[in-house]
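In case you want the letters, here they are:
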Amino acid sequence: MSRFEVVRTGASAPDSQPATQRTVSHRTEPANPSAKALQEKFSSAVKRVEVIWGETVVYVDPAAVKQMMGWLHDDPSQRYDFLSDLTAVEYRDAEVPIEVVWHLRSLPYRRFLRIKAQIQKGQPLEIDSVYDIYRSADWLERECYDMFGIRFRGHPDLRRLLMWESYKEGFPLRKDFPLRGRFSRSEQLRQALAQNPEARYSMEELTIADAFAELPTDMRDRLSKGERTGE
Amino acid sequence: MARRTVEVELSTSGLDAQGRPQRVPLVTNDGGTAVAVEPPPSVEPDLEGEHMLINLGPQHPATHGVLRLVLELDGETVVRCIPHIGYLHCGFEKIGEYRQYNQIICWTDREDYLNSIGNNVAFALGAERLFGIEITERCKVLRVIACELSRIMSHLVWLGTFCIDIGAFTPFLWAFQRREEIYRLIEKWVGARLTTSATRVGGMAADIPNGWMDGLRQFIRTFPHTLDEIDRVLTKNAIWVGRTVGLGVMTPEEAINWGLSGPMLRASGVDYDVRKDFPYLDYETYDFEVPVGTNGDVYDRYLVRFEELRQSVRILQQAADRLPDGPVNIDDPRVILPPKSKATSEMESMIHHFKNVMEGPRPPIGESYFAVESPKGEKGYYMVSDGTSKPVRWRIRPPSFVNLAAIPKMVEGHLLSDVIAINASIDIVMGEIDR
């Protein structure tokens, strides 16, 4: 058979039903039972439950997120002990709220659940951290803050993660952030050249024990004046 | 199916009374197992208050890329570890919002570049769920072959570099020799070695060429021999055991809570493998076992990955035996390009070709999170579509990113030289972590 030949099996094949979105198997799966349990437990905080491509999505009230996650993590009938992923979605339509998305897995019951909280436009981009429940949220929340500017209340160390600490252009994954960055190439180059290449440690690290005393004198002076290091 | 448990058959407890990893001397008894010895008399006490700050990386060869660890040392013991990442950040997820689905596949090569063909498969599966496409049987089996080949490739790089980090040079050469064979197979199939871009939404870029399966069968036949050789050199080697046992221990509860996945999680004794627990590509119909460790230390991670290499060969063997004839691509002109001969001779095919290339296929409004078991762990692609040909959001769930986040927990309290071993055991790829 030729490598690029397409044999007719789908819509054009005789006596076969075309594979459309409605006939594929993962469309018909029932909702995750945890969605119903959540509705019973937190009636008003659960706004909507959807099943899309076999994955159950629960839209929840942003204020109740931490409480719900704690319940899902601890309740013996749920035991969602594994936080797969944490991210945010901003839509191209400026009116649609920003969504924070948690993908949870229950390893004992082999279940998968997606929790979504919508932050309306105009509201402060803040939501409770789940760091206390899932330690894996540490870097995931930092990345989400770095890319979207969503502040996670209660995260102990919410610094930028992928971008450097003195990055001033904003939050790259927001839709109002242009693909090539806010600053021109010349401005980016100017800022890069203006950085202090000696300053290899962040302020946090320089507070460690006696390391500060071992620095060159001029750098110590600059740091004591409160100058931020350029990473 | 029963899961096999790998047991550490070595008589060292791992840690001495001070909590430091116990060194095993260069002697073995007749059975080849290492002999436990009394820990050496305690080293001179560290001077109080003399903490040193050192910078490991970003250009250190043992950090496997541009990872930078700022370590606070008390003598030779790590008191605190602050990782810095982002040196390779290129904004893949942002760029993905400006690309059609088939164009994003080229970007998936470049994140976890040791597993590029596996990423292609993972992305295509995620996009197909979003499009509501069921792929053909032949395509499924070809993708299983692709995934397992790239798992072997990735694990061989891990094994080779891990050996180098710890000081063994020979297994590195053996591993890279066999890896080269896989690269040749991949090159014959898709035309590229590293940046494969092997899949398309709804199928593959190409079917395998004539005679390709013979090459695969030969590889399956000869590869276990190399594994046995490396096994014989490393697994009961006293230096190897001394440098790996008892380091970076994660208990099962910690490993789950820190979000570890893949061999890292299984080495801690949690039997979670996406291929078994949330099967895709009909993995539930293959007969293979998931190795699970008991101690969650560096040595167990080595054993788990090593056994995974053998299991991948088993899967490859079964896939090679069951590869059905038939089409590779689905028959849907909305997503699949027509054959070139038709595109240049038939009006309708030309229109399909034009629309597929210029506008790109459009999924319905929706979202999907598709996770596969990559060599590093659970790799997920989360895509949100608003009905246009470009995703609103394309999120990569990078397994080594989450695994690396636990490195402070793993190295603190260990010696500086053990940081290298622990870091190597995570199997990080910075391209995937920084994206």
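Residues numbered from 1 in each chain as written. Chains lettered and ligands numbered in written order. Predicted model: local features only at pLDDT ≥ 70, side-chain atom pairs only at ≥ 80, totals over all residues. Heavy atoms only, no water.

Any chance you could break down unusual backbone geometry for me, citing the residues and the numbers?
Of note in this structure, A:R79 is not a glycine but carries a positive phi near 50°. Relative to the helices and strands, A:R79 is located in the loop between α2 (65-74) and β3 (82-89). For A:R79, a relative accessible area of 39% gives the class partly exposed. Of note, the phi angle at B:L281 is positive, near 50°, even though the residue is not glycine. (Helix = DSSP H or I, 4+ residues; strand = E, 2+ residues; numbered from the N terminus. Buried < 20%, exposed > 50% of the residue type's maximum accessible area, 1.4 Å probe, protein only.)

Go over the packing of helix α4 (residues 137-166) of chain B against helix α16 (residues 416-426) of chain B, please, and point to the residues and values.
All names here are of chain B. Two elements in contact, α4 and α16, have axes whose closest approach is 9 Å; the angle formed by their N-to-C orientations is 180°. Classified by the interaxial angle, the pair formed by α4 and α16 is roughly antiparallel. The segment α4 lies against α16, with W158, F162, D165 and I166 engaging I420, A421, A424 and S425. Per-class residue counts for the contact of α4 with α16 are 6 nonpolar, 1 polar and 1 charged. (Axes fitted to C-alpha atoms, helices over the stretch in contact; angles between N-to-C directions. Parallel < 35°, antiparallel > 145°, perpendicular 65-115°, else oblique. Contact = heavy atoms within 4.5 Å. Nonpolar A, V, L, I, M, F, W, Y, C, P; charged D, E, K, R; others polar.)

Which residues make up the sheet that holds strand β8 (residues 393-397) of chain B, and what are the values?
Residues and elements named next belong to chain B. Across the sheet, 3 strands lie side by side as β6-β7-β8; this open sheet has antiparallel pairing. Unpaired on one side and paired on the other, β6 (366-374) and β8 mark the two borders of the sheet. Within this sheet the neighbouring strands show an average axis-to-axis angle of 10°, counted without direction. In terms of strand pairing, β6 meets strand β7 (residues 377-385) through 9 bridges, oriented antiparallel. Looking at β7, one finds that E367 is bridged to V384. Of the strands in this sheet, β7 and β8 touch helix α2 (residues 101-111), which is tilted by about 155° from β7. (Pairing = 2+ DSSP bridges.)

Can you break down empty space enclosed by the protein residue by residue, with the values?
As enumerated under the stated definition, the model contains 2 cavities of 30 Å³ or more in all. By volume, the largest cavity amounts to about 60 Å³. In this structure, the largest cavity is lined by B:N115, B:G118, B:C147, B:S150, B:R151, B:Y280, B:V372, B:E373, B:S374 and B:P375. Elements that contribute at least two residues to the lining of the largest cavity include exactly α4 and β6 of chain B. Grouping the amino acids of the lining of the largest cavity by side-chain chemistry returns 4 nonpolar, 4 polar and 2 charged. The volume enclosed by the second largest cavity comes to roughly 50 Å³. Contributing to the lining of the second largest cavity are A:L86, A:T87, A:L140, A:E143, A:C144, A:M147, A:F148, A:L173, B:E93, B:R393 and B:R395. Where the lining of the second largest cavity is concerned, the elements lending two or more residues are β3 and α3 (137-148) of chain A together with β8 of chain B. A total of 5 residues in the lining of the second largest cavity trace back to one element, the largest contributor, which is α3(A). Counted by class, the lining of the second largest cavity contains 6 nonpolar, 1 polar and 4 charged residues. (1 Å grid on protein atoms, 1.4 Å probe; cavity = no way out; pocket = protein on both sides within 12 Å on 5 of 7 lines; lining within 4 Å. Points joined across faces, edges and corners; volume = space filled by probe spheres on them.)

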